[in-house]
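Observations on chain architecture
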Amino acid sequence: MDWGMKNRLARIIKPDTGRTVMLAVDHGYFLGPITKLEDPRKTIEPLLPYADAIMLTRGVLRSSVDPNTSTPIVLRVSGGQSIIGPSLANEEIITCMKEAVRLNVAAVAFSIYIGTEYEHQTLINLSKLIDEGEEYGIPVLAVTAVGKELEKRDARFLSLACRIAAELGAKFIKTYYCENFEKVVNSCPVPLVIAGGPKLETERDVFQLTYDAIQKGAVGVDMGRNIWQSDHPIAMIQAIRHIVHKNASVKEAEDLFNSLKTK
Ligand code: 5RP
């Protein structure tokens with residue numbers, strides 16, 4: 001791996017812990033203005049200092065993030081569908097690598113839809129993006145999306161999807177936590193981060209999800225809704241950091257969250 005690729009990855013997955021807390025705010029590219037993401041700048045600004053990286057589209061980056069930030073950017077570059085369209089899986093490249101270079105990003109993110117009618121399209125486009133990423137020294141984060149057609153997020157499916165993405169050259173992968181998650185980790189040769197998914201019932205559920213994923217070998221999270229849809233987002237991201245970077249327990253994270261939320 002060339003110096004540039006290593007340096008960009010090191011900006012995201014911190015060398016001192018080998019972990020990362022990425023803040024995901026790319027949801028609008030197909031969900032539109034979802035709850036608590038109606039004003040991206042308002043959502044992002046207070047959380048940016050606590051994020052190891054932020055995942056977003058070029059439109060939100062240019063319109064809603066201060067270019068003076070030192071927080072690394074992971075640019076969402078797949079899309080072209082919407083929640084009301086015929087298929088969430090019908091994604092293609094929506095931002096070229098030259099634009100990613102222009103925006104000084106640390107990585108680009110691209111979803112694959114294994115098991116859907118758009119499997120081939122998304123895998124071929126992932127491969128083309130990785131070719132360009134190797135040329136410019138920009139790592140590709142593959143996102144193992146699960147189309148509506150495939151609600152099964154079990155270890156068998158996620159192991160398949162993560163391994164295929166890694167075989168095609170993704171440098172790290174965002175997937176979902178599942179039962180027997182260690183099987184997904186142990187069959188994937190590149191680092192895995194987990195998405196949080198739709199907002200969970202309680203903060204403790206989020207800490208348990210994060211803790212379990214780290215214990216089973218994830219290098220961190222790329223989390224959105226369970227942070228910024230929380231009543232106390234800043235306390236939330238700090239508690240998640242406590243687990244990811246300090247190996248805190250669920251209870252320690254909960255105690256930190258409760259001590260911070262009143263501030
Ligand atoms: C949306 C995404 C999000 O980046 C990903 O799902 C992480 O966000 P959340 O924790 O809210 O699931 O890819 O398509």
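See above for the structure.
Below you will find a few notes about this structure. Quick caveat: nothing in here was measured; it's all calculated off a predicted structure. (Residues numbered from 1 in each chain as written. Predicted model: local features only at pLDDT ≥ 70, side-chain atom pairs only at ≥ 80, totals over all residues. Heavy atoms only, no water.)

Right, let's talk about the packing of aromatic side chains for a bit. Evaluation of the coordinates by the stated rule reveals three aromatic pairs. Residues Tyr177 and Phe181 carry aromatic rings whose centres are separated by 5.2 Å and whose planes lie at 45° to one another, so their mutual orientation is tilted. One Lys or Arg, Arg153, reaches over the ring of Tyr176 and ends 3.7 Å from the middle of that ring. (Phe/Tyr/Trp six-rings, centres within 6.5 Å; stacked < 30°, edge-to-face > 60°. Lys NZ or Arg CZ within 6 Å of the ring centre and 35° of its normal.)

Where helix H9 (residues 203-215) contacts helix H11 (residues 233-246), the two axes come as close as 9 Å, and the packing angle between them is 25°. Our classification of the angle between H9 and H11 gives roughly parallel. Along this stretch, H9 crosses H11, giving a crossing that reads as right-handed. In this structure, H9 contributes Glu203, Val206, Phe207, Thr210, Tyr211 and Ile214 to the contact, and H11 contributes Met236, Ala239, Ile240, Ile243 and Val244. For the contact of H9 with H11, the per-class residue count stands at nine nonpolar, one polar and one charged. (Axes fitted to C-alpha atoms, helices over the stretch in contact; angles between N-to-C directions. Helix = DSSP H or I, 4+ residues; strand = E, 2+ residues; numbered from the N terminus. Parallel < 35°, antiparallel > 145°, perpendicular 65-115°, else oblique. Left-handed = near helix turned anticlockwise from the far one by under 90°. Contact = heavy atoms within 4.5 Å. Nonpolar A, V, L, I, M, F, W, Y, C, P; charged D, E, K, R; others polar.)

Taken together, 15 residues are adjacent to the ligand, and Asp26, His27, Lys174, Gly224 and Arg225 come closest. At a separation of 2.6 Å, an oxygen atom of the ligand approaches a polar side-chain atom of Asp26. Within the backbone of Gly197, one N or O atom sits 2.9 Å away from an oxygen atom of the ligand. With the chains in place, 94% of the 360 Å² that the ligand exposes on its own is no longer accessible. Looking at the shell around the ligand, its residues break down into six nonpolar, four polar and five charged. (Near = heavy atom within 4 Å. Polar contact = N/O pair within 3.5 Å; in protein donor to acceptor, adjacent residues only side chain to side chain. Areas by Shrake-Rupley, 256 points an atom, 1.4 Å probe, with all protein chains shown as cover.)

Within a regular strand, side chains alternate between the sheet's two faces. With burial as the criterion, each face of strand E10 (residues 220-223) is covered, one bearing Gly220 and Asp222 and the other bearing Val221 and Met223. Both strand E9 (residues 192-194) and E10 contribute to a ladder of two bridges, which runs parallel. Note on E10: the bridge partner recorded for Ile194 is Val221. What joins E9 to E10 is H9, and the crossover it makes is right-handed. (Buried < 20%, exposed > 50% of the residue type's maximum accessible area, 1.4 Å probe, protein only. Pairing = 2+ DSSP bridges. Right-handed = clockwise from strand over helix to strand, strands pointing away.)

Here we come to the nonpolar core. Core analysis: the largest hydrophobic core is formed by 74 residues, its most contacted members being Leu23, Leu56, Leu75, Val108, Ile173, Phe207 and Ile240. Non-local contacts of Leu75, meaning those with residues more than four positions away in its chain, are made with Leu56, Thr57, Arg58, Leu61, Thr95, Ala100, Leu103, Val105, Ala107, Val108 and Ala109. Counting 15 residues, the second largest nonpolar core, distinct from the first, contains Met22, Ala53, Ala106 and Val143. (Core = buried A, V, L, I, M, F, W, Y, C linked by side-chain atoms within 4.5 Å.)

Let's shift gears to the environment of Asp66. Inspection of the secondary structure assignment puts Asp66 in the loop between helix H4 (58-64) and strand E3 (73-76). Of note is the side chain of Asp66, whose polar atom sits 2.7 Å from the backbone nitrogen of Asn68.

This next bit is on the pairing of strand E1 (residues 20-24). With five of its five residues buried, E1 lies for the most part within the structure. Alternating residues of E1 divide into Thr20, Met22 and Ala24 and Val21 and Leu23, and every residue in both groups is buried. As defined by bridge partners, E1 adjoins E10 across four bridges and the pair is classed as parallel. Residue pairing for E10: Leu23 is matched across the bridge by Met223.

Take the sheet that holds strand E8 (residues 172-175) next. Pairing in this closed barrel of eight strands is parallel, and the strands run E1-E2-E3-E6-E7-E8-E9-E10 around the ring. Within the sheet, the average angular offset between the axes of one strand and its neighbour, ignoring direction, is 25°. Pairing analysis gives three bridges linking E1 to strand E2 (residues 53-56), with the strands arranged parallel. Within the sheet, the bridge partner assigned to Met22 lies in E2 and is Ala53. The sheet contacts of helix H7 (residues 155-167) involve strand E6 (107-112), strand E7 (140-144), E8 and E9, and relative to E8 the element is tilted by about 155°. Each of E9 and E10 is contacted by H9, which is oriented at about 135° to E10, the strand it contacts most.

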